[in-house]
Amino acid sequence: MKITVETTISAPAGKVWHAYTTPADIKQWNAASDDWHTTAAAVDLRVGGAFSSRMEAKDGSMGFDFAGTYTKVVENQLIEYAFGDRTAQVEFTDTSDGVKISVSFEAETQYPVEQQRQGWQSILNNFKKYVEAK
């Protein structure tokens, strides 16, 4: 099952793309809630290139790595990647209100679909807030 989350960011496409694909920026916005943060991020933004990020609870109680391989990259427009046995697609579309980002991913079976949707949407909302304040 595919899940899609989206938002529109009031910023130019180049700024949105840069913030989404730069490790220093990713560490600033990549968290679903204020009690989590990303402590490390790496990006090799090309087909066949790898990415990774380390997300941890701020109290140190838990953490996990999110990593994968880029399968398609069209600058300022599209990123597709594989992570584990799943795939995701991030579309960047210019609109009159800014850049619409749509993230579609294959749901996993361990957590409820709505919980997954809320988590990914929260991360995307943090991204919007970060870029618009930058």
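See above for the structure.
Residues numbered from 1 in each chain as written. Predicted model: local features only at pLDDT ≥ 70, side-chain atom pairs only at ≥ 80, totals over all residues. Heavy atoms only, no water.

1. Details of the overall build of the chain
At step 1: Scanning the chain from N- to C-terminus turns up 3 helices and 7 strands.
At step 2: In the chain, the succession of helices and strands from N to C terminus is β-α-α-β-β-β-β-β-β-α.
At step 3: Here the C-alpha atoms of the chain give a radius of gyration of 14 Å, agreeing with the 14 Å that 2.2 N^0.38 yields for 134 residues.
At step 4: Out of the 134 residues belonging to the chain, those deemed buried represent 36%.
At step 5: The contacts of the chain with a sequence gap of at least 6 include a subset with a gap of at least 24, amounting to 47%.
At step 6: If you sum the accessible surface of the chain, you get close to 7300 Å²; carbon and sulfur atoms cover 49% of it.
At step 7: When the 13 positive and 18 negative side-chain charges of the chain are each reduced to one mean point, those points stand 3 Å apart. (Helix = DSSP H or I, 4+ residues; strand = E, 2+ residues; numbered from the N terminus. Rg over C-alpha atoms; globule rule 2.2 N^0.38 Å. Buried < 20%, exposed > 50% of the residue type's maximum accessible area, 1.4 Å probe, protein only. Contact = heavy atoms within 4.5 Å. Areas by Shrake-Rupley, 256 points an atom, 1.4 Å probe, with all protein chains shown as cover. Lys, Arg positive; Asp, Glu negative; His and termini not counted. Charge placed at Lys NZ, Arg CZ, Asp CG, Glu CD.)

2. Examining the pairing of strand E1 (residues 2-9)
At step 1: Here E1 shows a buried face lined by Ile3, Val5, Thr7 and Ile9 and an unburied face lined by Lys2, Thr4, Glu6 and Thr8.
At step 2: Bridge count for E1 against strand E7 (residues 98-106) is 8 bridges, and the pairing is antiparallel. Across the sheet, the residue bridging to glutamate 6 is serine 102, located in E7. (Pairing = 2+ DSSP bridges.)

None of this, on its own, says anything about what the molecule does.
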